[in-house]
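Residue strings, one per chain:
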Amino acid sequence: QGTDTSGPGTGLQIYDGGLLYRGTGRLAYGFSLGVYDDPPNIPIYGSIENITFAGASVDLKYALREGPDWYAAVAGSVGYFTFSQDVLGGPSDTILGATLSLPVTYRVNDRFQITGEFGGTYLPDEIDGAEGFGSRTFAALGFGYAASDRVYLYGNAKAIMGANELGPEGSNANTPLF
């Protein structure tokens, strides 16, 4: 979430959602959608003209281990994205991306669990002739706590490692991008 509220848009937000369905077997499948259509929080090529990013993906998750205390899976996603920016005369590009990860959960007791995830994401090194995000690896650590039957508290932290300075882990690490 950015701090610049001037200009068009809905407050520099990314809207996303999806659905993941799992029957009685170990395989879950679904889809995800996302859109960002606002000016960036910080200038891109010296401009804060509107950018549009929209994507759709197919998601799969297969449970490797399901026990009373441990859960482990392999999760994958392949997505198709479109990107455009008004500052460059409205160029647009479509890209294909993919993510593969290994989420793990350890249930400490009936109310507390610890989660971790390791994975990688492939994105092109170039988007519309300019430097793209490129591939990244990530690691996450989180927790979940059932304070009551109706209240569940959770949180996590994710470290993202990439090859260039685009994205939140780059030279703009202390400045929110959106």
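Details of the structure are given in the entry above.
Anyway, here's the lowdown on the structure attached to this text. What you are looking at is a predicted structure, and each value in this text was computed from that prediction instead of being measured. (Residues numbered from 1 in each chain as written. Predicted model: local features only at pLDDT ≥ 70, side-chain atom pairs only at ≥ 80, totals over all residues. Heavy atoms only, no water.)

1. A few points about the packing of aromatic side chains
Item 1. Scanning the entire structure with this criterion turns up 5 aromatic pairs.
Item 2. With a centroid separation of 5.8 Å and 65° between ring planes, the pair formed by Tyr21 and Tyr29 is classed as edge-to-face.
Item 3. Its relative accessible area of 46% is what places Tyr29 among the partly exposed residues.
Item 4. Ring centres 6.5 Å apart and planes at 20° place the aromatic pair Phe112 and Phe143 in the stacked group. With Phe112 in strand β6 (residues 112–122) and Phe143 in strand β9 (residues 136–146), this pair connects stretches of sequence that are 31 residues apart.
Item 5. On the basis of relative accessibility, which here comes to 28%, the residue Phe112 falls in the partly exposed class.
Item 6. The positively charged end of Lys158 is found above the aromatic ring belonging to Phe138, 4.5 Å away from the centroid. (Phe/Tyr/Trp six-rings, centres within 6.5 Å; stacked < 30°, edge-to-face > 60°. Buried < 20%, exposed > 50% of the residue type's maximum accessible area, 1.4 Å probe, protein only. Helix = DSSP H or I, 4+ residues; strand = E, 2+ residues; numbered from the N terminus. Lys NZ or Arg CZ within 6 Å of the ring centre and 35° of its normal.)

2. A short note on the pairing of strand β1 (residues 15–22)
Item 1. Sheet analysis places β1 next to strand β2 (residues 27–38), joined by 8 bridges and oriented antiparallel. In the sheet register, Tyr21 faces β2, and the bridge partner there is Tyr29.
Item 2. Linking β1 to β2, which pair antiparallel, is a turn of 4 residues. (Pairing = 2+ DSSP bridges.)

3. So, a nonpolar patch on the surface
Item 1. Taken together, the side chains of Tyr21, Leu27, Tyr29, Leu60, Tyr62, Leu64, Val74, Leu100 and Leu102 present a nonpolar region at the surface, about 860 Å² in accessible area.
Item 2. Only β2, β3 (51–66) and β5 (92–107) provide two or more residues apiece to the nonpolar patch.
Item 3. Of all the elements, β3 adds the most residues to the nonpolar patch, at 3 residues.
Item 4. Inspection of the secondary structure assignment puts Leu64 in strand β3.
Item 5. Exposure remark for Leu64: the relative accessible area of 47% places this residue in the partly exposed category. (Patch = residues over 30% accessible without salt bridge, like charges linked within 9 Å, V, L, I, M, F, W, Y side chains within 5 Å. Areas by Shrake-Rupley, 256 points an atom, 1.4 Å probe, with all protein chains shown as cover. Salt bridge = Lys/Arg side-chain N within 4 Å of Asp/Glu carboxyl O.)

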